[in-house]
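# Fold and contact review
Spelled out from the first residue to the last, the chains are:
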Amino acid sequence: MTTPTRIAVIGCTHAGTAAILNMVKLYPEAEIHVFEKNDNISFLSCGIALHVGGVVKKAEDLFYASPEQLAKLGVMTHMRHEVLNVDTDAKQLDVKNSVTGENFAHSFDKLVVTTGSWPIIPKLDGIGLDNILLCKNYGHAQTIIEKAKEARRIAVIGAGYIGIELVEAFEVLGKEVTLIDNMDRILYKYLDREFTDITERELTDKGVQLALGRTAQSFKGDPSGKVAAVVTNDGEFEADMVVLCIGFRPNTDLLRGQVDMLPNGAIIVDEYMRTSKPDVFAAGDSCAVRYNPTGAHAYIPLATNAVRMGTLVARNLMKPTVQYMGTQGTSGIKIYDYNIASTGLTETAATAAGLNVKQVTLQDHDRLEFMPTYEDVTLKVVYDADTGRILGAQVISKVDLTQSINTLSVCIQNGMTMDGLGFVDFFFQPHYNKPWNLLNQAGLQAV
């Protein structure tokens, strides 16, 4: 196998770090240059709420790699270096050293684009007021921690995973919390109503104010220039701190017009992480991924997708070797005592997409009733009405049954039907489950 002489990597969070660590092993003779505009790499932003709530004491513990580690491996680490322009035909980068102000050109044989995503920032009146914050990187985490110390009323805009986790963390800290979202229920993309009803009750019981079905339109400030209220299309909500958790957009302006993208700017890659330009690869939150329940490309920014894709870039850099298996968008969240996970399509999403689906919803106990304790569990499986192919699933319980969703993710990835699910071999032990596993029961009910 011929080794490329120069590999350039733009961006170094999850996908970039995974690609680099694997390329170092596979191509020890290669000259690898990584360009990162921040002063840190590999920050697990999914842990910010845990840090805010005091579960993780030090934000430094949310890093799993460092520039020094990469440098020891022989990687040319260019921290605080921003790539200003990419010419994929000439195979050249224009780079600015943000510390010295120096600009220089850098040529490459292979380019790996792992530029990630950035929070969506709405263009609203008052958006520039102090104490309106983002939640993405290490700097944001530190700012949120510091500002929250003085804040009394906090508004979180966006009821996805990050927004919900922050709401819980702020409530635990004793803050008055308002959650604002333009959908009529929380976690709309991940869960159907029977699951979000439970989680909404849990939040309101803890004193969280839910302002759902409302769209933020502007922000009001106090005389000192700090935010004082969020103005929506249906009411005004006082807040001396606001965190925007509206969603993310792919950071791909550098390649716009040079490679194929979705309308939102997500780079389209093939099963080997190749873009439409030779020798240009991409991975992580900057990319679209193949969504197995539908077979179409979709934008699903998850750390799990990112590390898999980054690893595949390294494996396929010189020749197509290992194919990407697609994603189900499998994810989980803990809200107070509830353990929740989902994979694939919800019934809501499937219906909105015009798919002909059926569903099975089980409400049972996690183990046999002769045991000293047992917990309620709700499991829902969505499947194709014509073929029986499993398309999605959700689970919620105070006992941790989230690994059942990982199992169903494998089922979706492998095209399993509900008929097959009914008779899969699962173990039984009274400490853990029932003779007919919950997943078996779902399959049998569909039959």
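Data block above holds the structure.
Heads up: these notes are all about the structure in this document. All values reported here derive from a predicted model rather than from experimental measurement. (Residues numbered from 1 in each chain as written. Predicted model: local features only at pLDDT ≥ 70, side-chain atom pairs only at ≥ 80, totals over all residues. Heavy atoms only, no water.)

## Observations regarding the overall build of the protein
- Along the protein, the regular secondary structure elements total 11 helices and 25 strands.
- Against the 2.2 N^0.38 benchmark of 22 Å for 447 residues, the protein shows a C-alpha radius of gyration of 23 Å, consistent with a compact globule.
- Oriented by its inertia axes, the alpha-carbon framework of the protein measures out at about 70 × 65 × 40 Å.
- The buried share of the protein, reckoned over its 447 residues, is 51%.
- Taking as baseline every contact in the protein between residues at least 6 positions apart, the subset at least 24 positions apart corresponds to 62%. (Helix = DSSP H or I, 4+ residues; strand = E, 2+ residues; numbered from the N terminus. Rg over C-alpha atoms; globule rule 2.2 N^0.38 Å. Buried < 20%, exposed > 50% of the residue type's maximum accessible area, 1.4 Å probe, protein only. Contact = heavy atoms within 4.5 Å.)

## A closer look at the nonpolar core
- Core analysis: the largest hydrophobic core is formed by 56 residues, its most contacted members being Ile-7, Ile-20, Met-23, Leu-93, Leu-111 and Ile-267.
- Not counting the four nearest positions on each side in its chain, Leu-93 is found in contact with Ala-8, Ile-10, Phe-35, Val-83, Asn-85, Val-86, Phe-104, Ala-105, His-106, Phe-108 and Leu-111.
- Among the nonpolar cores identified, the runner-up in size contains 39 residues, and Val-52, Ile-154, Tyr-338 and Ile-340 belong to it. (Core = buried A, V, L, I, M, F, W, Y, C linked by side-chain atoms within 4.5 Å.)

## Some words on the packing of aromatic side chains
- Summed over the entire model, instances satisfying the criterion amount to 3 aromatic pairs.
- With a centroid separation of 4.1 Å and 10° between ring planes, the pair formed by Tyr-161 and Tyr-190 is classed as stacked. Residue Tyr-161 is located in helix H5 (residues 161–172), and its partner Tyr-190 is located in the loop between strand E11 (176–181) and helix H6 (193–205); the two are separated by 29 residues in the primary sequence.
- The interplanar angle of 80° and the centroid separation of 6.0 Å between the aromatic rings of Phe-427 and Tyr-432 together place this pair among those described as edge-to-face.
- Classification of Phe-427 by relative accessible area gives exposed; the value is 54%.
- In this arrangement the basic side chain of Lys-136 is found over the ring face of Phe-248, its NZ or CZ atom lying 4.9 Å from the centre.
- Above the face of the Tyr-336 ring, Lys-206 is positioned so that its terminal group lies 4.9 Å from the ring centre. (Phe/Tyr/Trp six-rings, centres within 6.5 Å; stacked < 30°, edge-to-face > 60°. Lys NZ or Arg CZ within 6 Å of the ring centre and 35° of its normal.)

## Points about unusual backbone geometry
- Its identity is not glycine, yet Asn-131 carries a phi of approximately 75°, on the positive side.
- Mapped onto the elements of the fold, Asn-131 is located in the loop between strand E8 (117–119) and strand E9 (132–134).
- Phi at Asp-279 takes a positive value of approximately 70°, unusual for a residue other than glycine.
- Relative to the helices and strands, Asp-279 resides in the loop between strand E17 (248–250) and strand E18 (280–282).

## Observations concerning the sheet that holds E11
- Taken in spatial order, the 5 strands of this open sheet run E9-E16-E10-E11-E12, and their pairing is parallel. Each edge of the open sheet carries a strand with a single partner, namely E9 and strand E12 (209–212). Within this sheet the neighbouring strands show an average axis-to-axis angle of 20°, counted without direction.
- Both strand E10 (residues 153–157) and E11 contribute to a ladder of 5 bridges, which runs parallel. When the sheet's bridge partners are listed, Ala-155 is paired in E11 with Thr-178.
- Where helix H4 (residues 138–150) meets the sheet, it contacts E9, E10 and strand E16 (241–244), and its direction lies at approximately 145° from that of E9. (Pairing = 2+ DSSP bridges. Axes fitted to C-alpha atoms, helices over the stretch in contact; angles between N-to-C directions.)

## Focus: helix H11 (residues 438–446)
- Looking at H11, one finds that the buried residues are Leu-438, Leu-439, Asn-440, Gln-441, Ala-442 and Gly-443.
- Buried residues in H11 make contact with strand E23 (357–365), strand E24 (376–384), helix H9 (403–413) and helix H10 (418–421).

## Remarks on the sheet that holds E23
- The strand order across the open sheet formed by 5 strands is E21-E22-E25-E24-E23, and the pairing between neighbours is antiparallel. Because the sheet does not close on itself, it has two edges, and the strands there are strand E21 (331–335) and E23. Neighbour to neighbour, the strand axes of the sheet diverge by 10° on average, direction disregarded.
- H5 rests against E21 and strand E22 (338–344) of the sheet, and its axis sits at about 20° to E21.

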